[in-house]
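# Per-entry structural report
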Amino acid sequence: MRCQWESSSLSLSLQDEGYDRSLLRAGDPAPDRFTRLMLRFYRSLNKRTGLRIGMFETLKAHFMVVDQTHRDDTVAQIHCIVQKAG
């Protein structure tokens, strides 16, 4: 989409307080369907029983996407101020 107006960027900043960048992942969260199925099963079992299995915890830490914005102390937003010319 093309913008019809001339404008200039006054300010552009990333606000990411409390955001842990080591948890960021790009691409497919799990390489194959079997791994995704096993992680889904383990997550469900863990929620219902509280059972923790080391091998699955390692897989979960490596492949599962973490949405950090659900925590109360985390802010993740892009702040952009644009001025229309003319």
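Read on for a plain summary of the structure. Please read these numbers as outputs of a predicted model, since none were measured by experiment.

### A word on the packing of helix 1 (residues 33–49) against helix 2 (residues 54–63)
The geometry of helix 1 relative to helix 2 is characterised by a closest axis approach of 10 Å and an angle of 115 degrees between their N-to-C directions. With respect to each other, helix 1 and helix 2 are oriented roughly perpendicular. As for how helix 1 packs across helix 2, the hand of that crossing is left-handed. Taken together, the residues of helix 2 that come into contact with helix 1 (itself represented by T35, M38, L39, Y42 and N46) are F56, E57, L59, K60 and F63. Of the residues belonging to the contact of helix 1 with helix 2, the class tally is 6 nonpolar, 2 polar and 2 charged.

### Topic: the packing of aromatic side chains
According to the stated counting rule, one finds 1 aromatic pair in the structure shown. Their ring planes at 15 degrees and their centres at 5.1 Å tell us that Y42 and F56 sit as a pair that is stacked. Placement of Y42 in helix 1 and of F56 in helix 2 is noted, with a sequence separation of 14 residues between them. There is no split in this pair, since Y42 and F56 are both buried.

### With respect to the environment of C80
By the element assignment, C80 lies in strand 2 (residues 77–84). Placed 71 residues apart in sequence, C80 and S9 show a C-alpha to C-alpha distance of 7.6 Å. Here C80 is in contact with S11 and L12, once residues within four sequence places are set aside.

### Quick look at a nonpolar patch on the surface
A cluster of nonpolar residues, L12, L14 and I78, forms a patch on the protein surface that exposes about 360 Å² of accessible area. Within the fold, I78 resides in strand 2. With relative accessibility at 67%, the residue I78 sits in the exposed group.

### With respect to the side chain of T74
Residue position: T74 is located in the loop between helix 2 and strand 2. On the basis of relative accessible area, T74 is assigned to the buried category, the value being 9%. Of note is the side chain of T74, whose polar atom sits 3.4 Å from the backbone oxygen of G18. At 3.5 Å, the side chain of T74 and the side chain of D73 are in polar contact. Non-local contacts of T74, meaning those with residues more than four positions away in its chain, are made with E17, G18, Y19, Q68 and T69.

Conventions we followed
Along each chain, residues carry numbers from 1 onward, in the same order as the chain's sequence is written. Thresholds applied to this predicted model are a pLDDT of at least 70 for local features of residues and 80 or more for the giving and counting of side-chain atom pairs; totals over whole chains, interfaces and linings are not thresholded and use all residues. Water and hydrogen atoms play no part in the side-chain values, which are based on all heavy atoms of the structure. To obtain each axis, a line is fitted to C-alpha atoms, and for helices this fit is confined to the stretch in contact; angles are then taken between N-to-C directions over 0 to 180 degrees. Only DSSP runs of H or I with at least four residues qualify as helices, and only runs of E with at least two residues qualify as strands; both kinds are numbered from the N terminus onward. By definition in this entry, angles of less than 35 degrees are roughly parallel, angles greater than 145 are roughly antiparallel, angles of 65 to 115 are roughly perpendicular, and the rest are oblique. By definition, turning the near helix anticlockwise from the far helix through less than a right angle yields a left-handed crossing, and turning it clockwise yields a right-handed one. Any pair of residues with heavy atoms lying within 4.5 Å of one another is described as a contacting pair. Charged means Asp, Glu, Lys or Arg here, nonpolar means Ala, Val, Leu, Ile, Met, Phe, Trp, Tyr, Cys or Pro, and polar covers whatever is left, Gly included. Stacked, tilted and edge-to-face pairs are distinguished by plane angle, under 30 degrees for stacked and over 60 for edge-to-face with tilted covering the rest, among Phe, Tyr and Trp rings (Trp via its six-membered ring) whose centres lie within 6.5 Å. Exposure is judged per residue with a 1.4 Å probe applied to protein chains only, and the accessible area is read against the type maximum: over 50% gives exposed, under 20% gives buried, and values in between give partly exposed. Patch construction takes residues with relative accessible area above 30% that form no salt bridge. Like charges are linked within 9 Å, and nonpolar side chains (Val, Leu, Ile, Met, Phe, Trp, Tyr) are linked within 5 Å. With residues, only the protein chains shown are counted as cover, and all accessible areas are computed by Shrake-Rupley using a 1.4 Å probe. In what follows, salt bridge is the name for a side-chain nitrogen of Lys or Arg lying within 4 Å of a carboxyl oxygen of Asp or Glu. Counting of polar contacts relies on pairs of N or O atoms within 3.5 Å, with two restrictions inside protein: one atom must be capable of donating a hydrogen and the other of accepting it, and residues adjacent in sequence are counted only when both atoms are side-chain atoms.

Treat this as a map of the structure, not an account of what it does.
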